[in-house]
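In case you want the letters, here they are:
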Amino acid sequence: MDVTREMVIAGTGLFADLDPSEQAQIAALMRPFEVGSGEVLFREGEIADRLYLIARGRVGLQIRVDEELVLVGTAGTGDSLGEMALNGSWPRSGTATALEPVVGWYLETGDFDLIRSMAGVLAAKVLRRLALVLCARVREANAALADRASGPPGDRVSTPGPRPSPPTFPPRPERMKLLRDSSFFSAFTGEELRRVLRRLRERAVPAGEVVIREGEDGGWCFLIAEGTIDVTVSRSRGTARLATLGPGKVVGEIALVDRGPRSASCSAHEDAVILELHAEDLDALAAEDPCVDTRIWQAINRNLIAAQSRMDAARARHAIDKGLRASGESAEVLDPVAVLRFGPDRRDALVDLVRRSVIGEDVLLTTSLDPDLGRVRVDPGQIEQVI
């Protein structure tokens, strides 16, 4: 049976939260594509302008690290490629090459922008689902990088009991300048920032006080208004400080999005003030103004995309350092089309090897979410925590 456009959309994770009429709106904007074996759908570094849905065929995905081209996985029927195009203009993080004839449909960024401009909930639903998938992928990469950098989680990483909620207060009006100056809110209008400010909760944090604790349930994030916050993680070799963050930084997005456990602890390095955004306030903003909802999900996704891009590079470097090139596969891994010369067994073995070594960012989006993913991201080259 031929796989129809509607069947692919209904089975794609990005569109899982859409009702049938909303899926039909997406389907009406999608256009067919067909590429032959060995043809390139898009190249690393190009500005992403299309989301691809694969109806039939197989695509190889690669990223370049330090002039090395590393195969990071494959995509097939029901998978989507280039989903970051829906979150704005981003350079492609990898190259996609057809391993066999591929047919499917694509959605142009401009068409999704049209949906977003209609101020409905459809765009926000898609971007929220994109955030969930990104969170799952970041958590998975967190665990792999952290274990290599500082050993497996220590005994202290457990599920802490609930702590009493500290007192919070409505934010002061002058906090508007903080929002305007924060890169996280750079795309918001003045009225949208005022709506956000009304939903934030201001809280004073004395030096040394724990704001969030590794392993405890999430459900809110915060913006640093004054002072600095230390980010630490417990591993078998002890507690490591990952970063010290200052005013304007948003912390804790992952646990806000997926309501999962915190991947690190945050405490006040000095007397500090934070502005909290809780899940119920985010839901209230969404009901109040779908445009604000969409902008918040775009801002969260920007942070997650940047974090995953750094992690991908670190994991690809590690894969190279471990000797993928010395494994006898170097020519095939570095040649975008050489995979086509493999026999099926050899090709699948290589794909399985690199999939276990590195995970792609922009170019592959699967439909399943694993709730038991890892927790901590440590990028040896540039440590910055998304919690």
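Residues numbered from 1 in each chain as written. Predicted model: local features only at pLDDT ≥ 70, side-chain atom pairs only at ≥ 80, totals over all residues. Heavy atoms only, no water.

Now for the overall build of the protein chain. Counting its regular elements, the protein chain contains 11 helices and 16 strands. Taking the intrachain contacts of the protein chain between residues at least 6 apart in sequence as the baseline, contacts between residues at least 24 apart amount to 81%. A total accessible area of about 16,200 Å² is found for the protein chain, and carbon and sulfur atoms account for 50% of it. (Helix = DSSP H or I, 4+ residues; strand = E, 2+ residues; numbered from the N terminus. Contact = heavy atoms within 4.5 Å. Areas by Shrake-Rupley, 256 points an atom, 1.4 Å probe, with all protein chains shown as cover.)

In this model, the protein chain carries a mean pLDDT of 78, and residues with pLDDT of at least 70 account for 74%. Per-element mean pLDDT across the protein chain ranges from 29 in helix H10 (residues 330-334) up to 97 in strand E9 (residues 201-205). Long-range and interchain partners of residues 324-344, a stretch whose pLDDT sits below 50, account for 40 contacts in this model, where long-range means more than four residues apart. (pLDDT = per-residue confidence, 0-100.)

In this section: the pattern of salt bridges. Counted by the stated rule, this structure contains 28 salt bridges. Two residues, Arg201 and Glu280, come together in a salt bridge whose shortest N-O distance is 3.1 Å. A residue pair is termed long-range when its members are at least 10 positions apart, and Arg201 in strand E9 and Glu280 in helix H8 (residues 279-288) qualify at 79 residues. Residues joined in a network through salt bridges with shared partners are Glu191, Arg194, Arg195, Arg199, Glu288 and Asp289. (Salt bridge = Lys/Arg side-chain N within 4 Å of Asp/Glu carboxyl O.)

A few words now on the nonpolar core. Ranked by size, the top nonpolar core spans 61 residues in total, and within it Phe15, Ile26, Phe112, Val126, Phe185, Ile300 and Leu304 carry the most contacts. With 10 residues, the single largest contributor to this core is helix H4 (residues 122-150). Those residues in contact with Ile300 that lie beyond four places of it in its chain are Phe184, Glu253, Leu256 and Val257. In this structure, Ile212, Phe222, Val231 and Ala268 belong to the second largest nonpolar core, which totals 18 residues. (Core = buried A, V, L, I, M, F, W, Y, C linked by side-chain atoms within 4.5 Å. Buried < 20%, exposed > 50% of the residue type's maximum accessible area, 1.4 Å probe, protein only.)

Next up on the list: the side chain of Arg262. Position of Arg262 relative to the elements: it lies in the loop between helix H7 (253-258) and strand E15 (265-268). No salt bridge forms around the buried Arg262; measuring N to O, its nearest opposite-charge neighbour Glu216 is 5.1 Å away. Polar contacts involving the side chain of Arg262 include one to the main-chain carbonyl oxygen of Trp220, which spans 2.6 Å. (Lys, Arg positive; Asp, Glu negative; His and termini not counted. Polar contact = N/O pair within 3.5 Å; in protein donor to acceptor, adjacent residues only side chain to side chain.)

Attention now goes to the side chain of Arg175. Within the fold, Arg175 resides in helix H5 (residues 175-181). Looking at Arg175, its side chain comes within polar contact range of the side chain of Glu202, at 3.1 Å. Ignoring anything within four residues of it in the chain, the contact list for Arg175 reads Leu197, Glu202, Ala225, Glu226, Val273 and Leu275.

Attention shifts here to the sheet that holds strand E1 (residues 31-35). Within the open sheet, the 4 strands sit side by side as E1-E8-E3-E6. Their pairing is antiparallel. In this open sheet, the two strands that pair with only one neighbour each are E1 and strand E6 (80-81). Strand contacts of helix H3 (residues 109-117): E1, strand E3 (50-56) and strand E8 (102-108), with the helix running at about 45 degrees to E8, the strand carrying the most contacts. (Pairing = 2+ DSSP bridges. Axes fitted to C-alpha atoms, helices over the stretch in contact; angles between N-to-C directions.)

Moving on, we come to the packing of helix H6 (residues 190-199) against H8. At a minimum axis distance of 10 Å, the contact between H6 and H8 shows a crossing angle of 145 degrees. Along this stretch, H6 crosses H8, giving a crossing that reads as right-handed. Here H6 contributes Arg195, Val196, Arg198 and Arg199 to the contact with H8, which in turn contributes Asp281, Ala284, Leu285 and Glu288. In the contact of H6 with H8, the residues fall into 3 nonpolar, no polar and 5 charged. (Left-handed = near helix turned anticlockwise from the far one by under 90°. Nonpolar A, V, L, I, M, F, W, Y, C, P; charged D, E, K, R; others polar.)

In this section: the pairing of strand E12 (residues 229-235). Along a regular strand, successive side chains alternate from one face of the sheet to the other. Within E12, 7 of the 7 residues are buried, leaving the element largely enclosed by the surrounding structure. Strand direction decides the pairing type here: E12 and E15, joined by 4 bridges, are antiparallel. Bridge assignment links Ile229 to a residue of E15, and that residue is Ala268.

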